[in-house]
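One letter stands for each residue in the lines below.
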Amino acid sequence: MTKIAVFVGSLRKDSYNKSLAKNIERLSPEGVEFDYIDMDLPLYNQDLDGDMPAKVVTMKQQIEDADGVLFVTPEYNRSFSGVIKNAIDWASRPWGQSSFTGKPVAIVGASMGALGTTQAQQALRNVALFLDMKLMGQPELYFNAASGLDENGKVVEASEDFLRGFAEAFAKHVESNK
Ligand SMILES: Cc1cc2nc3c(=O)[nH]c(=O)nc-3n(C[C@H](O)[C@H](O)[C@H](O)COP(=O)(O)O)c2cc1C
């Protein structure tokens, strides 16, 4: 069993990024299990580092129990969403007790535009490396939701093989780095 802690950086009910995560989960090899983080967290407050909110304690445990991490981020104003940053800031604390250290990780994202999430993902790579995560460099996945998802949020047939290939590469990356 390979467990992946999944961070979807949009709280929107019909989020394309949530659909992308669900499609990657469906196309992952047998034995890969996705554990979705509850991203609806309070705003990070350093005063609470010694007494973290229950949802944050749960999130940190989910990450620590996972073999790998998948960030699925929208692009907001040419960076990744504050929802993702907020979760990362909590899970990186208290100082010296980051839940991310050494975890294999991949970063993907969906938007309506052809270039969407390139800058969001690049900014997030910087954070993942700072947090000493083991980042998968290839394949990259910049998902165009306008052409890549049908009306039920399922990936179109033309993109399915690419997503499956990504999911297989990520599973291998996690297995060989956990
Ligand atoms: C505050 C905000 C900023 C945005 N900035 C960008 C951007 O810089 N680049 C981009 O491709 N899309 C941008 N978008 C459009 C998002 O890609 C689009 O809303 C997308 O559907 C968000 O992902 P979701 O469907 O998972 O919620 C922005 C949307 C919002 C709400």
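Going by the structure above, here's the rest.
The shown structure was predicted, so the numbers you read here are calculated from the model rather than taken from an experiment. Per chain, residue numbering runs from 1 following the sequence as it is written. Restriction of local features to residues with pLDDT of at least 70 applies here, the model being predicted, together with a cutoff of 80 or more for giving and counting side-chain atom pairs; totals for whole chains, interfaces and linings are based on all residues. The basis for every side-chain value is the complete set of non-hydrogen atoms in the structure, without hydrogens or water.

**A closer look at helix H2 (residues 54-65)**
Helix and strand assignments come from DSSP, with helices taken as H or I runs of at least 4 residues and strands as E runs of at least 2, each series counted from the N terminus. Here the expected length of a helix is defined as 1.5 Å per residue gap, with one fewer gap than residues. With 12 residues, H2 should reach 16 Å at 1.5 Å per residue; the first-to-last C-alpha distance of 17 Å fits that figure. Note on exposure labels: buried denotes an accessible area under 20% of the residue type's maximum, exposed denotes more than 50%, and partly exposed covers the range between, all computed with a 1.4 Å probe on protein chains only. Buried within H2 we find Val 56, Met 59, Lys 60, Gln 62 and Ile 63. Along the axis of H2, the buried positions cluster into a sector of 160°, meaning they face one direction only. Note on contacts: a residue pair qualifies if any of its non-hydrogen atoms lie within 4.5 Å across the two residues. Against strand E1 (2-8), strand E2 (32-36), strand E3 (68-72) and helix H3 (82-91) lie the buried residues of H2. In this description, one arc is meant: the one made by directions from the helix axis to the C-beta atoms.

**Some remarks on the environment of Ser 19**
Looking at the element boundaries, Ser 19 is found in helix H1 (residues 16-27). The class of Ser 19 is buried, set by a relative accessible area of 17%. If we skip the residues at most four places from it in the chain, Ser 19 touches Leu 149 and Gly 153.

**Structural notes on the nonpolar core**
Generally speaking, a soluble globular protein has its nonpolar side chains buried in company with each other. Here, nonpolar core means buried Ala, Val, Leu, Ile, Met, Phe, Trp, Tyr and Cys residues that are tied together by side-chain atoms lying within 4.5 Å of each other. Phe 7, Met 59, Ile 63, Phe 71 and Phe 100 are the most contacted members of the largest nonpolar core, which totals 28 residues. Those elements giving two or more residues to this core turn out to be E1, H2, E3, H3, strand E6 (104-111) and helix H4 (118-130). With six residues, the single largest contributor to this core is H3. By size, the runner-up hydrophobic cluster in this structure holds 26 residues, among which are Ile 4, Val 32, Val 108 and Ala 145.

**Here we look at the site of the ligand**
Any residue with a non-hydrogen atom lying within 4 Å of a molecule or strand is treated as near it. Close contacts around the ligand come from Ser 10, Arg 12, Ser 15, Tyr 16, Asn 17, Pro 74, Glu 75, Tyr 76, Asn 77, Arg 78, Ser 111 and Gly 116, and that covers them all. Contacts to the ligand include Tyr 16, whose backbone N or O atom sits 2.9 Å from an oxygen atom. Between a nitrogen atom of the ligand and a main-chain N or O atom of Asn 77, the distance comes to 2.8 Å. Only the protein chains shown count as cover for residues, and all accessible areas are computed by the Shrake-Rupley method using a 1.4 Å probe. In isolation the ligand offers 620 Å² of accessible surface; the protein chains occlude 68% of this area. Residue assignment for the shell around the ligand shows that the elements contributing at least two residues are H1 and strand E4 (75-76). N or O atoms closer than or at 3.5 Å make up a polar contact, with two conditions inside protein: a donor-capable atom paired with an acceptor-capable one, and, for residues adjacent in sequence, both atoms drawn from side chains.

**Quick look at the packing of H1 against helix H6 (residues 157-177)**
The contact between H1 and H6 brings their axes to 8 Å, and the two run at 75°. The angle between H1 and H6 places the two elements in the roughly perpendicular class. For the pair H1 and H6, contact is made by Leu 20, Asn 23, Ile 24, Arg 26 and Leu 27 and by Glu 160, Leu 163, Arg 164, Phe 166 and Ala 167, respectively. Inter-axis angles, ranging from 0 to 180 degrees, are taken between N-to-C directions of lines fitted to C-alpha atoms, where helices are fitted over the stretch in contact. Should an angle fall under 35 degrees it is taken as roughly parallel, and over 145 as roughly antiparallel, whereas 65 to 115 is taken as roughly perpendicular and any remaining angle as oblique.

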